[in-house]
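Chains, contacts and geometry: an overview
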Amino acid sequence: MKKKPLRKETRRNLPLARSRAARLRVVTRPGAELRDRQRGWLFLDGRAIPVALGRSGVRADKREGDGATPRGVWHPREVRYRADHGPRPVTGLPVRRTRPDDGWCDDPGDGRYNRPIRRPFKASHEEMWRTDGLYDLVIVLDHNARPRRARRGSAVFLHLARGAFEPTAGCIAFRRADLRRLLARMSPRTAIEVV
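These remarks concern the structure in this document. Note that the coordinates shown come from a computational prediction; the quantities given were computed from them, not determined experimentally.

Section: the packing of aromatic side chains
Enumeration over the complete set of coordinates arrives at two aromatic pairs. Here tryptophan 104 and phenylalanine 157 contribute two aromatic rings whose centre-to-centre distance is 5.3 Å and whose plane-to-plane angle is 90°, an arrangement assigned as edge-to-face. On the criterion of sequence distance, the pair formed by tryptophan 104 in strand E9 (residues 102-105) and phenylalanine 157 in strand E13 (residues 157-160) is long-range, its members being 53 residues apart. Under the relative-accessibility criterion, tryptophan 104 is labelled buried at 4%. Ring geometry for tyrosine 135 against phenylalanine 157: centres 5.5 Å apart, planes inclined by 85°, an arrangement best described as edge-to-face. Here the residue tyrosine 135 occupies a position in the loop between strand E11 (125-127) and strand E12 (137-141), and phenylalanine 157 occupies one in strand E13, the gap between them amounting to 22 residues. Each member of the pair, tyrosine 135 together with phenylalanine 157, is buried. Ring pairs connect the aromatic residues Trp104, Tyr135 and Phe157, which therefore count as one cluster.

So, in structure tokens, the structure goes:
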């Protein structure tokens, strides 16, 4: 029996689906200086992609406001993007448009700590609709999600880098092209190991 040829859009999506990244690894640069610990690489298919890390480097015992990227294995939950600053990303993750009133609670005393919120919002929070472009493309990680514990860190994302890979407040930051390339390889089962 003769098989039907695959439709064009199905053929185009097959290589991407087969090449989903199962595990990614983020490492700091070697060196004793703090600035060495504020930058690193994410390894994808043997290729090192430069990243910016937290201003305090990588830390196993993450605390709210410490400026450290949390050590551990994290999974992507969803992608948020600014539709007015670029096209919808190609990815195997759930995707949401960022709205001007989107925020993320970073107040450990609030019941919505480390969760998305709508602004205006009385408790301390991050604005997701930023003028500096860092959150034009964001991957939300499951860090401190289940269970959520007060003061263990909030709003730990993969997002766009500032300038020449300036340190973050605890996130992992990428060049736009690298983050888009990475998104195309990610699914909810992708593990991101930060060492």
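Still more ground to cover, so stick around.
Structural notes on the environment of arginine 71
Following the sequence through the fold, arginine 71 ends up in the loop between strand E5 (69-70) and strand E6 (72-74). Residue arginine 71 is classed as partly exposed on the basis of its relative accessible area of 39%. Between the C-alpha atoms of arginine 71 and arginine 88, which are 17 residues apart in sequence, the distance is 30 Å. Once residues within four sequence positions are removed from consideration, arginine 71 is found in contact with Val58, Arg59, Ala60, Val194 and Val195.

Rules of the game
- Residues numbered from 1 in each chain as written.
- Predicted model: local features only at pLDDT ≥ 70, side-chain atom pairs only at ≥ 80, totals over all residues.
- Heavy atoms only, no water.
- Phe/Tyr/Trp six-rings, centres within 6.5 Å; stacked < 30°, edge-to-face > 60°.
- Helix = DSSP H or I, 4+ residues; strand = E, 2+ residues; numbered from the N terminus.
- Buried < 20%, exposed > 50% of the residue type's maximum accessible area, 1.4 Å probe, protein only.
- Contact = heavy atoms within 4.5 Å.

All we've got here are geometric facts, nothing functional implied.
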